[in-house]
Amino acid sequence: MTRLAALLLLLPAMLQAAPPKPLEDSELSGVSARDGISFAAHVVVNDPTLVGAVTDSRLSLGFHDGGQPRYIVLRNVRGTVDMFAVGLNVQARPDGNGDYIAITLPSQMRYTNFGFESMSVQNDPNAAVTGNLGSVNINGSLQMQGEFRMWAH
């Protein structure tokens, strides 16, 4: 039994791969991995359960209406968004004129209490919110496929 335990302890050392070696430029030019990267994200915005959480936040977008500045004000934007498998890769263009960057859309997205409390249009983004054009609260999941491609001309 002790021989078996000793063999099991030595097994990882025996299976260890050779140490990495530097490649010459000629060898390196033949390497084409092109696997890209993928990542997942867990984004939490204005979590009201945290100690000291902000209870009155605003997100405003300004624009001009005939020279008069106006603002769309979203009050108390909050919620959680989980994104899985957003990819970034470099691909060869089908026409043979170089490469393009492919950003894969997330295959799965999950929203938990994501939205805002009120939306209003105001002349001053810091003024008290007096109107309410509606609110949004999203709970659910979304599945997507496809990619966004970018290349230079």
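Refer to the structure above for everything that follows.
Residues numbered from 1 in each chain as written. Predicted model: local features only at pLDDT ≥ 70, side-chain atom pairs only at ≥ 80, totals over all residues. Heavy atoms only, no water.

What follows is about the pattern of salt bridges. In this structure the tally under the stated criterion is five salt bridges. For arginine 75, the salt bridge goes to glutamate 117, with nearest N and O atoms at 2.9 Å. Of this pair, arginine 75 sits in strand S3 (residues 68-75) while glutamate 117 sits in the loop between strand S6 (108-116) and strand S7 (118-122), placing them 42 residues apart in sequence. Relative accessible area serves as the criterion here: at 39%, glutamate 117 is assigned to the partly exposed category. Three or more residues are tied together by salt bridges with common partners; here these are Asp56, Arg75 and Glu117. (Salt bridge = Lys/Arg side-chain N within 4 Å of Asp/Glu carboxyl O. Helix = DSSP H or I, 4+ residues; strand = E, 2+ residues; numbered from the N terminus. Buried < 20%, exposed > 50% of the residue type's maximum accessible area, 1.4 Å probe, protein only.)

With that out of the way, let us pick up unusual backbone geometry. The phi torsion at asparagine 46 lies on the positive side, around 50 degrees, for a residue other than glycine. When you line up the elements, asparagine 46 lands in the loop between strand S1 (37-45) and strand S2 (58-65). A relative accessible area of 34% means that asparagine 46 is categorised as partly exposed. Despite not being glycine, asparagine 113 has its phi angle at roughly 45 degrees, a positive value.

As a further point, take the environment of valine 43. Turning to its location among the elements, valine 43 is positioned in strand S1. For the pair valine 43 and methionine 83, spaced 40 residues apart in the sequence, the C-alpha separation amounts to 8.4 Å. In this view, valine 43 contacts Gly79, Thr80 and Val81; residues no more than four positions away in its chain are not counted. (Contact = heavy atoms within 4.5 Å.)

Attention shifts here to a nonpolar patch on the surface. A contiguous nonpolar patch, built from Ile37, Phe39, Leu88, Val90, Ile101, Phe148 and Met150 and spanning about 600 Å² of accessible area, is present on the exposed surface. Elements with a contribution of two residues or more to the nonpolar patch: S1, strand S4 (78-92) and strand S9 (147-150). In this structure, phenylalanine 148 sits in strand S9. (Patch = residues over 30% accessible without salt bridge, like charges linked within 9 Å, V, L, I, M, F, W, Y side chains within 5 Å. Areas by Shrake-Rupley, 256 points an atom, 1.4 Å probe, with all protein chains shown as cover.)

Moving on to the sheet that holds S3. Spatially, three strands are ordered S2-S3-S7 in an open sheet, and the strand pairing comes out antiparallel. What marks the edges here is a single partner per strand, and that holds for S2 and S7. Adjacent strand axes in the sheet meet at a mean angle of 15 degrees, parallel and antiparallel pairs treated alike. Sheet analysis places S3 next to S7, joined by five bridges and oriented antiparallel. Counterpart to tyrosine 71 in the pairing with S7 is glutamine 122. (Pairing = 2+ DSSP bridges. Axes fitted to C-alpha atoms, helices over the stretch in contact; angles between N-to-C directions.)

All right, on to the pairing of S4 then. Summarising the sheet, S1 and S4 pair through eight bridges and their orientation is antiparallel. Of the residues in S4, the one forming a bridge with alanine 41 is methionine 83. The sheet contact formed by S4 and S6 spans six bridges and is antiparallel. The residue of S6 that forms the bridge with aspartate 82 is arginine 110. Two strands pair when backbone bridges link them, and S4 and strand S5 (residues 99-104) are joined in this way by six bridges, in the antiparallel orientation. Bridge pairing links glutamine 91 to tyrosine 100 in S5. Taking the residues between adjacent antiparallel strands as the criterion, S4 and S5 are bridged by six residues, where glycine 96 takes a positive phi near 80 degrees.

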